Amino acid sequence: MLSGRFRSSLRSYWSVGYGAKSLSSRDVLDQHETLSGCLSTLPKKAKVVICGGGVMGAAVAYHLARRGWGDKTILIEKERVGTGSRWHASGLVGAFKPSLAQVKLAQSSIRLLQDLEARGRPTGWKQCGSLLLARTRDRMTVYRRMKSQSVSWGIPCELVTPKRCQEIWPMLNVDDILGGLWIPGDGVGDPHLLCMSLIREAVDNGVGVMEDCAVTSVLSKHDKVCGVETDHGAIECEYFVNCAGFWARQVGQLAKPQVKVPLLPCEHYYLHTKKIDNLDPMTPVVRDPDGYIYLRERDGCILAGGFEPVAKPVYEEEIGSALQRCVAEDWDHFHVLLQELLKRVPSLNQAVLHKLCNGLEAFSPDCKWIVGEAPEMFNYHVAAGMKTVGISAAGGVAEATADEIIDGYTKYDMYELDINRFLGLHNNKRFLRDRVKEVPGVHYGLPYPFHEFETGRNLRLSPIYPTLRENGAVFGQVMGYERPTWFEPVEEEKVNPQEPRSFRIAHTKTFGKPHWFETVQREYWACREAVGLADYSSFTKIDIQSQGREVVDLLQYLCSNNVDVPIGSIIHTGMQNERGGYENDCSLARISENHYMMIAPTIQQTRCKVWLKRHLPRNGSVTLSDVTSMYTAICVMGPFTRNLLSELTDTDLTPSNFPFFTFKELDVGLANGIRAMNLTHTGELGYVLYIPNEFALHVYNRLMTVGEKYGITHVGYYASRSLRVEKFFAFWGQDLDTMTTPLECGRTWRVKFDKDIPFIGREALLRQREEGIKRQYVQLLLTDHDHEMDLWSWGGESIYRDGNYCGQTTTTSYGYTFKKQVCLGFVQNFDKEGIPQPVTNEYVLSGHYEIDIAGIRYAAKVNLHSPNLPTKYPDKERDVYQATRRLHEPEKFLGRHYQP
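Residues numbered from 1 in each chain as written. Predicted model: local features only at pLDDT ≥ 70, side-chain atom pairs only at ≥ 80, totals over all residues. Heavy atoms only, no water.

This part takes up the overall build of the chain. In terms of regular secondary structure, the chain is built from 21 helices and 40 strands. Judged by the C-alpha coordinates and their principal axes, the chain covers about 85 × 65 × 65 Å. For the chain, the residues scored as buried account for 63% of the 900 residues in total. Taking the intrachain contacts of the chain between residues at least 6 apart in sequence as the baseline, contacts between residues at least 24 apart amount to 73%. Of the accessible surface of the chain, which amounts to about 33,600 Å², a share of 50% is contributed by carbon and sulfur atoms. Distance between charge centroids for the chain: 1 Å, based on 103 positive and 107 negative side chains. (Helix = DSSP H or I, 4+ residues; strand = E, 2+ residues; numbered from the N terminus. Buried < 20%, exposed > 50% of the residue type's maximum accessible area, 1.4 Å probe, protein only. Contact = heavy atoms within 4.5 Å. Areas by Shrake-Rupley, 256 points an atom, 1.4 Å probe, with all protein chains shown as cover. Lys, Arg positive; Asp, Glu negative; His and termini not counted. Charge placed at Lys NZ, Arg CZ, Asp CG, Glu CD.)

Shown next, in the form of structure tokens:
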């Protein structure tokens, strides 16, 4: 057995002594270039200080220098630039990533590699292509979806048969392979060579590099970076960039106040063989994700590695230097990968092992890169957590980081990678140690819809969580919050009634009709024909107030809609950036003259606070309080909700006294101080009750008791999602992002163009209104799709108009009223050169549409306006509201406080 040969070979090697790095003086991977022209003393002042001399820090320095900031930038490295064992770097460069934003960043990195090589700077770049293998039908479905997406993502690729796989890589065993995906534009590079080429270019353009210099503290003044202390003295600066990679979390802790960078390292294995005769230098990369492994050629040898399903975390405090990142191998742990390697390439049995390197790599808790300006300190930027593919990310991430420092924004939509997606809990060491065991396996796991982690659970719980769990709730997690996704029928009799119902995690392990379809259907119809009760507690809730009108002036400047509305009104508004894109999409309830309550998406809890904080008056006249954890939010929706709530409160709930889109403070049951909002976020009649936590269980029990005669039913997130998709409601982070404007998504009527009030993004939106929009938000109903037999649309599918690619879907769901698959997305008008042209309603409505789902195109009917769905219980107040492109003025049906 080769595994036995490998073990004995390795043990004899390690007995020589790893610390001496004495495999062979001729080994390329033991050779490190050195940088000349480094600083001998640290300057007293700079514009930007970069911490970390690896490939990411070098790339940031390079891009800053290219933008003319070379002489304003200092890079600090605690050891030597480019230090770190070249044995634990795979050098894989692939364009396909989980999202469009990551794809664009990877494509920027590939262009950088090609550009440097063309200018004579060595990077080790070889465009050898990569071959992805599939052992299962679901994996082939993933590849067919990737092939479909490749049209919009600009990645040439080809679905291939097992026979073709073996022709591309003759040593493969394809007996259990169903097919593959060939990506000819992928390749490999050498992170060390790239790092040295980048840093030399940066130095040539004025960047100063200080080696053997460790950061000891990052200082701030008025919440902004003001300087850095090192073991070689202090330096004043305006910007700090944490590119410390493996040590980024520890460097974050050196800041005052501390910056949370949630990363934790795991063991990660790289197997190197001796030279193999006649191995083509352009041998493609092979990825076999169903076996968790990859292989590539390197200097005539095979380099192999993988992402095992259960990883081994390591405390980074024990690792003081780059050399120490190579730790002793654990053959028992590596065995699962070794077995798969030998199965896939049987000829490896005849190969001679050179080295097995156990190199530590840091991962974030959601298996995504960590990029952007830290919430704790302005001008403190982070670019870390590249999960072993730093060479694939460095060029694009560094370009975006340099743009954000110099321009204040970047052309890339970075919100899903933004460090502001985290809370403090994500940086908890025990949480990270629990979660990171699961993270590397996600890298090659099957990307089923609505992926849920199984570790780091039961953290943030609403007061009604235990009761919801007992009533059959199956949970998903968002921002650490356990949120019901659907409710399973509860068994009539428990074996042990005293034993609590087990905690159940949602899963959707299919790309077709999910197993929860009928359950969600029952919840959906409860919301449309009876009463549904949903837990909205995870929503972000922020109180914003002032003594005088300062809060009104601030929000008028931040919001694109008019927020100076009567007390008790609710306004739905975007908060735009300078390009007109959505930084936030929220509801604002005017509690009193100078007090607003903001309700924002759950994932915005950190992000929207940072946006508000950035624009607060410096005199402290406006204060904001995060009250997310103070209130339990219960939404009751459906045609009988007014009848239900009227039995629990003395307040008159008729439309004339409590109209749609207004707020009142109610007594409910025996509790008081409940902030009631007459809206539902799904388009159904109903209310969201923001209940002080101590009253939450009481109010919930009263609602369930009285609601029994109205057919009250527990409702999860998936039913709410189906309702809002059918009603054509756009959500931030799913349909809206920092690059999307109100004009593009049918919300022009929510922009105060008629008011002479300046707000962020006004000029950009006026310019867009004048020039015309280049893409338009639409709803598409699949007309020839069989939801029982066909694969479903889950988002990210290509849209075709008259046979030509014109856009992508964003959010999708099954429409239980339409009895059809419903897709939301954006349509564009490309000319023959592929350049977007203005899009009009006439253009959208005049085309024939198709949605490409894993290579099969389904005809679709297009909608531009929120549809009025047929219902047994019509309600003028509800039906008149148009979330997207309203057709008529609704105020005549509603109370005087109605503000859309």
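We are not done yet, so read on.
This part takes up the pairing of strand S30 (residues 663-668). The sheet contact formed by S30 and strand S31 (residues 671-677) spans five bridges and is antiparallel. The partner of Lys664 across the bridge, within S31, is Ala676. What sits between the antiparallel neighbours S30 and S31 is a turn of two residues, in which Gly669 has the positive phi angle 60 degrees. (Pairing = 2+ DSSP bridges.)

Turning next to the pattern of salt bridges. Counted according to the given criterion, the structure contains 48 salt bridges. In this structure, the salt-bridge partner of Lys727 is Glu684, at a minimum N-O distance of 3.1 Å. Taken as a pair, Lys727 in the loop between helix H18 (717-726) and helix H19 (762-771) and Glu684 in the loop between S31 and strand S32 (686-692) lie far apart in primary sequence, 43 residues in all. Neither Lys727 nor Glu684 differs from the other in exposure class; each is buried. Here the salt bridges share partners, and the residues they tie into one network are Arg135, Asp176, Asp288, Glu340, Lys343 and Arg344. (Salt bridge = Lys/Arg side-chain N within 4 Å of Asp/Glu carboxyl O.)

A few words on helix H3 (residues 100-118). Here H3 contains 19 residues, and its C-alpha end-to-end distance of 27 Å stays within 8% of the 27 Å for a straight helix at 1.5 Å per residue. Looking only at H3, the buried set comprises Ala101, Gln102, Val103, Leu105, Ala106, Gln107, Ser108, Ser109, Ile110, Leu112, Leu113 and Leu116. A positive phi of about 85 degrees marks Gly120, the residue just after H3. (Expected span 1.5 Å × (residues − 1).)

Topologically, Ser793 is positioned in the loop between strand S34 (775-782) and strand S35 (798-801). For Ser793, a relative accessible area of 1% translates into the label buried. In this structure the side chain of Ser793 is engaged in a polar contact, spanning 2.8 Å, whose partner is the side chain of Glu797. (Polar contact = N/O pair within 3.5 Å; in protein donor to acceptor, adjacent residues only side chain to side chain.)

Moving on: the pairing of strand S22 (residues 481-487). Most of S22 sits out of view: seven of its seven residues are buried. Note that strand S21 (residues 473-478) and S22 share six bridges and pair antiparallel. Residue pairing across strands places Gly476 opposite Arg483, the latter belonging to S22. The antiparallel pairing of S21 with S22 creates a hairpin that spans two residues between the two strands, and Met479 there sits at a positive phi of about 50 degrees.

Attention now goes to the nonpolar core. Within the largest apolar cluster, 116 residues are counted, with the highest numbers of intra-cluster contacts made by Ile50, Leu198, Ile199, Trp369, Val397, Met677 and Tyr690. With residues up to four places along the chain from it excluded, the contact list for Trp369 reads Lys97, Gln102, Leu105, Ala384, Gly385, Met386, Lys387, Val389, Ala393, Val397, Leu417 and Arg421. Within the second largest apolar cluster, 36 residues are counted, among which are Ile235, Ala248, Ile370 and Val382. (Core = buried A, V, L, I, M, F, W, Y, C linked by side-chain atoms within 4.5 Å.)

Taken in spatial order, the nine strands make up an open sheet running S5-S6-S4-S14-S15-S16-S13-S18-S17, and their pairing is mixed. Because the sheet does not close on itself, it has two edges, and the strands there are strand S5 (158-160) and strand S17 (326-327). Sheet analysis places strand S4 (residues 130-134) next to strand S14 (residues 285-288), joined by three bridges and oriented parallel. Bridging from a neighbouring strand, Ser130 pairs with Val285 of S14. Along the sheet, helix H4 (residues 137-153) contacts S4, S5 and strand S6 (179-183); its crossing angle with S4, the most-contacted strand, is approximately 140 degrees. (Axes fitted to C-alpha atoms, helices over the stretch in contact; angles between N-to-C directions.)

Quick look at the packing of aromatic side chains now. Taken as a whole and assessed by the stated rule, the structure comprises 36 aromatic pairs. Plain terms: the ring middles of Tyr294 and Phe307 are 6.3 Å apart, the flat faces sit at 45 degrees to each other, and that makes the pair tilted. Note that Tyr294 is positioned in strand S15 (residues 293-298) and Phe307 in the loop between strand S16 (301-306) and S17, a separation of 13 residues in sequence. Using a relative accessible area of 1% as the deciding quantity, one classes Tyr294 as buried. A relative accessible area of 2% means that Phe307 is categorised as buried. Pairing Phe475 with Phe503 gives two aromatic rings, centres 5.8 Å apart and planes at 20 degrees, and the pair type is stacked. (Phe/Tyr/Trp six-rings, centres within 6.5 Å; stacked < 30°, edge-to-face > 60°.)

An ideal rise of 1.5 Å per residue puts 20 Å on 14 residues; helix H6 (residues 191-204) measures up with 20 Å between its terminal C-alpha atoms. In terms of burial, H6 is a largely internal element, 11 of the 14 residues being buried. Residues Pro191, His192, Leu193, Leu194, Cys195, Met196, Ser197, Leu198, Ile199, Glu201 and Ala202 constitute the buried set of H6. Where H6 is buried, its residues touch helix H2 (55-69), strand S2 (73-76), H3, strand S8 (208-210) and helix H9 (390-407). Near the N-terminus of H6, the side chain that reaches the backbone nitrogen of His192, with its oxygen 2.9 Å away, is that of Asp190. Trailing H6 by a residue or two, Gly206 shows a phi angle of about 105 degrees, which is positive.

A few words now on the sheet that holds S30. The strand order across the open sheet formed by six strands is S30-S31-S32-S29-S23-S33, and the pairing between neighbours is mixed. Taken across any chain shown, the strands that pair with only one partner, and hence form the sheet edges, are S30 and strand S33 (712-714). Averaged over all pairs of adjacent strands, the angle between their axes in this sheet comes to 30 degrees, without regard to strand direction.

Next up on the list: the packing of H2 against H6. For any two helices packed against each other, one specifies the inter-axial angle together with the distance between the axes. It is the contact of H2 with H6, at a shortest axis distance of 8 Å, that shows an interaxial angle of 30 degrees. For the element pair H2 / H6, the angle class is roughly parallel. For H2 against H6, the interelement crossing comes out left-handed. Two secondary-structure elements touch here, H2 through Val55, Ala58, Ala59, Ala61, Tyr62 and Ala65 and H6 through Pro191, Leu194, Cys195, Leu198, Ile199, Glu201 and Ala202. (Parallel < 35°, antiparallel > 145°, perpendicular 65-115°, else oblique. Left-handed = near helix turned anticlockwise from the far one by under 90°.)

Another point: the confidence of the model for the chain. Across the chain, pLDDT averages 91, with 92% of residues at or above 70. Segment residues 1-26 is flagged for pLDDT under 50; beyond a separation of four residues in sequence, or across chains, it makes 44 contacts in the model. (pLDDT = per-residue confidence, 0-100.)

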